[in-house]
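Here are the chains, one letter per residue:
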Amino acid sequence: MDIHRKVSQHTDVLGSLNDRLLFAVPKKGRLQQPTLDLLKGSDIQFHRHSRLDIALCINLPIALIFLPAADIPTFVGEGRVDLGITGRDQVAEHQAVTAGEAVAADGGVEEVLDLGFGKCRLQVQVPEKGEITDPVELVGKNVVTSFVGLSAAYFSKLEGHQGVIDAEVTINGEISEANKKLKTKIKYVGGSVEAACALGVADGIVDLVESGETMRAAGLKAIATVVESTAVLIKSKHPSNVSLVNLIASRIKGVISKAPSPSSPHMHTNSPTNHQAAQKYVLCQYNVHRAKLDSATQVTPGRRAPTITSLEEPEWVAVSSMVLKKDIAVVMDELEKVGATDILVLDIANSRTG
Ligand SMILES: Nc1ncnc2c1ncn2[C@@H]1O[C@H](COP(=O)(O)OP(=O)(O)OP(=O)(O)O)[C@@H](O)[C@H]1O
Ligand SMILES: O=P(O)(O)OC[C@H]1O[C@H](OP(=O)(O)OP(=O)(O)O)[C@H](O)[C@@H]1O
């Protein structure tokens with residue numbers, strides 16, 4: 001694509017951001033695909049022009065901003081971005097690096113949901129066959145990491161520094177002058193951190209561990225955990241549209257907590273119609289006060305009629321209704337608005353539509 005067309009396309013998209021909620025998502029790496037799956041399950045539909053890092057949603061006033069996971073806390077905490085998906089470690093690193101800055105107090109990010117994927121630990125690691133067995137023994141020695149803020153804060157505690165350490169790093173990731181008071185010498189490297197000890201650059205490292213394969217292959221062992229991490233949904237402390245933030249969070253929560261789909265039985269018992277029904281519909285179950293039942297069943301009229309059963313709690317009923325899979329996200333939003341609770345969505349493994 002020629003640069004002029006690309007710039008004009010970008011300008012057009014940028015021009016339409018003002019009336020949209022901005023949602024930052026990982027543009028690459030191991031968090032990208034599970035995030036895209038989550039957006040799909042939440043019925044957040046968008047077209048992304050190739051090479052553009054901004055995509056306008058089709059069915060909601062949202063714009064997706066594709067960013068490196070490490071940068072997302074900055075854009076959410078200090079920019080105009082309202083929502084983000086990244087690793088908890090990245091949020092903690094951002095907060096460590098900006099600790100004490102005014103913007104951190106006013107800006108900053110809030111964790112909304114643990115998304116249940118991308119689990120790993122930021123750990124202090126030393127040579128398996130070396131003498132060191134406790135992080136305190138690394139004080140004053142060389143430590144290499146990609147997480148300079150968290151490492152500086154961790155070792156400042158070990159060294160007994162009081163209060164919030166100004167872990168601000170300079171552009172090339174070196175510890176700033178303010179941190180020269182640290183006895184431990186913390187060095188930034190962007191990747192392959194596990195090689196630092198073998199190459200004689202470090203006595204220990206602070207790096208992420210998921211399966212532990214890299215650590216063991218590099219002849220290292222973990223002696224402490226700095227942060228337990230998982231992918232998280234974060235929001236800015238002053239979102240531009242609170243109700244839309246809540247709606248998206250609620251949809252994402254519904255996707256990550258939905259019951260695992262039952263293993264499908266032999267499909268030979270399914271006539272095409274039944275099979276199609278099982279594929280096209282989901283079963284939506286919820287509780288609602290009898291006074292709100294009419295409003296709720298207008299949202300979920302079912303294929304023929306919803307099933308209503310009384311609950312032990314007086315004036316409350318349970319409703320079960322088939323809903324078109326493509327409509328379920330909006331249906332759940334509408335049910336929440338009318339006051340339905342305990343909304344469950346179950347896949348239909350088999351059906352006899354009759
Ligand atoms: N084994 C792992 N290594 C690195 N990050 C991991 C791992 N397991 C889970 N994560 C999560 O993924 C985040 C890194 O995602 P990111 O896309 O920035 O880097 P990446 O997946 O290593 O991709 P790239 O190497 O292209 O930067 C981490 O901050 C952490 O939250
Ligand atoms: O415990 P494991 O499952 O082995 O995963 C941990 C490794 O994965 C990450 O490296 P990545 O693969 O992203 O390459 P990098 O070293 O270039 O960051 C991380 O920095 C560790 O080295």
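Each remark here, short or long, concerns the structure printed above.
Keep in mind the model is a prediction, meaning the values are calculated, not measured.

A. Quick peek at the overall build of the chain. What the chain contains, in helices and strands, is 11 helices and 15 strands. Residues classed as buried in the chain amount to 42% of the 354 residues present. Of the contacts made within the chain by residues no fewer than 6 positions apart, 74% connect residues no fewer than 24 positions apart.

B. Region of interest: the pattern of salt bridges. The final tally for this structure, using the stated rule, is 10 salt bridges. For Arg30, the salt bridge goes to Glu210, with nearest N and O atoms at 3.9 Å. Taken together, the residues span a long stretch of sequence, with Arg30 in the loop between β1 (21–26) and α2 (32–41) and Glu210 in the loop between β9 (204–209) and α7 (213–217) at a distance of 180 residues. The burial state of Arg30 is the same as that of Glu210; both residues are exposed. Ionic contacts of the salt-bridge type, sharing partners, join the residues Lys27, Arg48 and Asp53 into one network.

C. Representation of the site of ligand 2. The immediate surroundings of ligand 2 are formed by Arg30, Ser192, Glu194, Asp207, Leu208, Val209, Glu210, Ser211, Gly212, Glu213 and Thr214. One of the side-chain nitrogen or oxygen atoms of Glu194 is found 3.5 Å away from an oxygen atom of ligand 2. Ser211 is positioned such that a nitrogen or oxygen atom in its side chain is 2.6 Å from an oxygen atom of ligand 2. Taken by itself ligand 2 offers 480 Å² of open surface, and the protein chains cover 67% of this. Mapping ligand 2 onto the cavity grids shows that it belongs to the largest pocket. Breaking the shell around ligand 2 down by element, the ones donating at least two residues are β9 and α7. Element by element, the count of residues in the shell around ligand 2 is highest for β9, at 3 residues. A per-class count over the shell around ligand 2 returns 2 nonpolar, 4 polar and 5 charged.

D. Spatial organisation of the side chain of Ser42. By the secondary structure assignment, Ser42 is in the loop between α2 and β2 (54–56). Note on Ser42: relative accessible area 1%, which makes it buried. Of note is the side chain of Ser42, whose polar atom sits 2.8 Å from the backbone oxygen of Leu38. Not counting residues up to four positions away in its chain, the partners in contact with Ser42 are Arg251, Ile252, Val255 and Ala329.

Cut-off values and rules
Residues numbered from 1 in each chain as written. Chains lettered and ligands numbered in written order. Predicted model: local features only at pLDDT ≥ 70, side-chain atom pairs only at ≥ 80, totals over all residues. Heavy atoms only, no water. Helix = DSSP H or I, 4+ residues; strand = E, 2+ residues; numbered from the N terminus. Buried < 20%, exposed > 50% of the residue type's maximum accessible area, 1.4 Å probe, protein only. Contact = heavy atoms within 4.5 Å. Salt bridge = Lys/Arg side-chain N within 4 Å of Asp/Glu carboxyl O. Near = heavy atom within 4 Å. Polar contact = N/O pair within 3.5 Å; in protein donor to acceptor, adjacent residues only side chain to side chain. Areas by Shrake-Rupley, 256 points an atom, 1.4 Å probe, with all protein chains shown as cover. 1 Å grid on protein atoms, 1.4 Å probe; cavity = no way out; pocket = protein on both sides within 12 Å on 5 of 7 lines; lining within 4 Å. Sits in = over half its atoms within 2 Å of the grid points. Nonpolar A, V, L, I, M, F, W, Y, C, P; charged D, E, K, R; others polar.

These figures capture arrangement, not role.
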